[in-house]
Amino acid sequence: MKRDIIESAEVIVCSPGRNFVTVKITTKAGYIGYGDATLNGRELAVAAYLEHYLCPLLEGRSVFQTEDIWNYFYKGAYWRKGPVTMTAIGAIDMALWDLKGKILETPVYNLLGGKSRSKMLTYTHANGKNLEDTLKRVEELKKASFEAIRVQCGIPGIEKAYGIGEKGIYEPAIKGNKPFEESWSTPKYLNFIPSVFEEVRKEFGEDLHLLHDSHHRLTPTEAARLAKDLEPYHLFWLEDVTPAEHQESFAQIKQKSVTPLAVGEVFNTIHDAHHLISNQSIDYIRMTVSHGGGITPMLKIAHFAEPYHIKTGCHGPSDISPIALAACLHVDTAINNFGIQEYMGYSETTEEAFPHEYYFENGHLHLTEAPGLGVDFNETFARKFEYEKAYLPINRLEDGTMFNW
Ligand code: EZ4
Ligand code: CO
């Protein structure tokens with residue numbers, strides 16, 4: 001029996017710690033590969049796309065044909081791109097790479113170029129309600145060995161700003177039948193944020209890598225002001241300064257400031273970023289391996305970015321499962337132009353549902369020699385937690401105008 005021929009592909013929707021959509025592909029010889037199809041707040045749309053349209057076409061295909069299968073789904077749908085489509089394709093792609101590694105008894109990174117490094121510089125989030133709280137969290141994360149920290153802070157006068165967690169845990173999707181409403185004032189934000197970084201540098205010195213996420217809220221002019229105001233604090237990067245659909249915006253910002261720019265967590269194909277890369281308007285490309293169509297396209301994007309001096313900084317929120325995080329880490333390990341890996345961490349329930357080989361130590365994520373992606377799925381345990389609808393928040397200006405979240 002040929003070990004690489006697919007017998008079946010199944011979609012599992014459940015909520016071990018939070019909602020996750022997992023693809024399980026089984027070969028006729030009994031090998032099992034896993035992919036992550038979680039798209040925060042839109043999970044069932046991806047599950048339906050997979051169940052009705054992609055999974056039934058996999059039976060009889062060879063898991064080694066990642067390039068042909070990816071294009072079969074991408075070109076073959078006629079309707080291209082979009083987060084739902086690309087997350088669905090991405091989950092299958094990831095599961096196929098997992099299977100290739102398991103069948104060949106080697107970690108996936110060995111199939112992508114081999115080991116380019118032994119560990120991945122990793123950043124996590126400090127989300128304080130106020131300055132004091134933020135400084136405290138930076139201190140805690142430094143003690144926990146992080147060398148790179150994304151610093152967010154509650155803004156005086158804004159009741160519910162982006163990225164601020166209760167008791168240290170930040171989870172943007174909230175269970176219920178309607179999105180939670182946040183509010184926003186760009187002037188208040190711009191007037192306050194530089195003072196946060198001034199304080200963080202004063203307290204912790206120059207050696208810590210500091211990052212910040214504006215979460216798509218500024219115009220190019222406002223973004224340039226912030227980037228310039230933050231220059232004295234030498235950020236590792238400033239993330240998502242403008243809504244990223246408009247690629248030309250970034251060239252304007254780049255001309256006005258030397259603060260490094262990162263973007264890409266909502267991109268789903270190279271066509272969202274090709275001008276950004278070829279015009280050298282950004283410093284880091286941040287696509288999510290799962291939402292960007294999987295390992296196959298992420299590898300191409302990283303290679304495309306390399307001659308333009310652009311490094312990767314893959315999105316690694318807690319709303320992609322450990323399977324997708326592992327997929328990031330295998331790409332990170334294999335490419336030359338790796339920059340940094342985001343890592344928000346998971347609840348104990350999520351950890352139990354997805355036992356994994358990767359581990360965090362001394363500010364870095366590490367992979368082992370385990371075959372495939374090195375993440376298992378404890379299906380019986382995970383299925384005990386039923387899916388519950390949860391939405392990402394929406395965001396309004398203080399006068400009620402709908403704004404970018
Ligand atoms: O808002 O993953 O950099 N990280 C982020 C995340 C995203 C969420 C959306 O589901 O911006 O927190
Ligand atoms: Co972000």
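Look up: the structure comes first, before these words.
Residues numbered from 1 in each chain as written. Chains lettered and ligands numbered in written order. Predicted model: local features only at pLDDT ≥ 70, side-chain atom pairs only at ≥ 80, totals over all residues. Heavy atoms only, no water.

A. Quick look at the site of ligand 1. Around ligand 1 sit 15 residues in total, of which Asn 40, His 215, Glu 239, Glu 265 and Asp 319 are the nearest. At 3.4 Å, a side-chain N or O of His 315 approaches an oxygen atom of ligand 1. Side-chain polar atom of Asp 319 to an oxygen atom of ligand 1: 2.8 Å apart, as the coordinates give it. In isolation ligand 1 exposes 330 Å². Once the protein is present, 95% of that is buried. Its residues assigned to classes, the shell around ligand 1 shows five nonpolar, three polar and seven charged. (Near = heavy atom within 4 Å. Polar contact = N/O pair within 3.5 Å; in protein donor to acceptor, adjacent residues only side chain to side chain. Areas by Shrake-Rupley, 256 points an atom, 1.4 Å probe, with all protein chains shown as cover. Nonpolar A, V, L, I, M, F, W, Y, C, P; charged D, E, K, R; others polar.)

B. Spatial organisation of a nonpolar patch on the surface. On the surface, a cluster of nonpolar side chains totalling about 220 Å² of accessible area is made up of Phe 64, Leu 104 and Leu 111. Its relative accessible area of 30% is what places Phe 64 among the partly exposed residues. (Patch = residues over 30% accessible without salt bridge, like charges linked within 9 Å, V, L, I, M, F, W, Y side chains within 5 Å. Salt bridge = Lys/Arg side-chain N within 4 Å of Asp/Glu carboxyl O. Buried < 20%, exposed > 50% of the residue type's maximum accessible area, 1.4 Å probe, protein only.)

C. Looking closely at the coordination of the cobalt ion (ligand 2). The coordination sphere of the cobalt ion (ligand 2), as far as protein atoms go, consists of Asp 213 (OD), Glu 239 (OE) and Glu 265 (OE), spread over 2.0 to 2.1 Å. The sequence pattern formed by the donor residues of the cobalt ion (ligand 2) is D-x25-E-x25-E. Residue Glu 239 is located in strand S9 (residues 237–239), and its partner Glu 265 is located in the loop between strand S10 (261–263) and helix H8 (274–278); the two are separated by 26 residues in the primary sequence. (Donors = N, O, S within 2.8 Å, 3.2 Å for Na, K, Ca; no water. Helix = DSSP H or I, 4+ residues; strand = E, 2+ residues; numbered from the N terminus.)

D. Structural context of the pairing of strand S17 (residues 394–397). Here strand S7 (residues 181–184) pairs with S17 via four bridges, running parallel. Looking at S17, one finds that Glu 181 is bridged to Ile 394. Alignment of S17 against strand S18 (residues 402–403), held across two bridges, turns out to be antiparallel. Opposite Arg 396, over in S18, you have Met 402 as the bridge partner. Where S17 folds back on S18, the antiparallel hairpin that results is connected by four residues, among which Gly 400 adopts a positive phi of roughly 100 degrees. (Pairing = 2+ DSSP bridges.)

E. Geometry of the packing of aromatic side chains. Considering all chains together, one arrives at 17 aromatic pairs under this definition. With centroids separated by 5.7 Å and ring planes inclined at 75 degrees, the aromatic side chains of Tyr 34 and Phe 377 adopt a geometry described as edge-to-face. Pair noted here: Tyr 34 is in strand S3 (residues 32–36) and Phe 377 is in the loop between strand S15 (364–366) and helix H12 (379–382), with a separation of 343 residues, a long-range link. Geometrically, the ring pair formed by Tyr 162 and Trp 405 is edge-to-face, given 5.6 Å between the ring centres and 75 degrees between the ring planes. Highlighted residues: Tyr 162 in the loop between strand S5 (148–153) and strand S6 (174–175) and Trp 405 in the segment after S18, separated in sequence by 243 residues. Classification of Tyr 162 by relative accessible area gives buried; the value is 8%. Owing to a relative accessible area of 19%, Trp 405 belongs among the buried residues under this scheme. Here a set of aromatic residues connected by ring pairs shows up, and it is made of Phe 20, Tyr 34, Phe 354 and Phe 377. (Phe/Tyr/Trp six-rings, centres within 6.5 Å; stacked < 30°, edge-to-face > 60°.)

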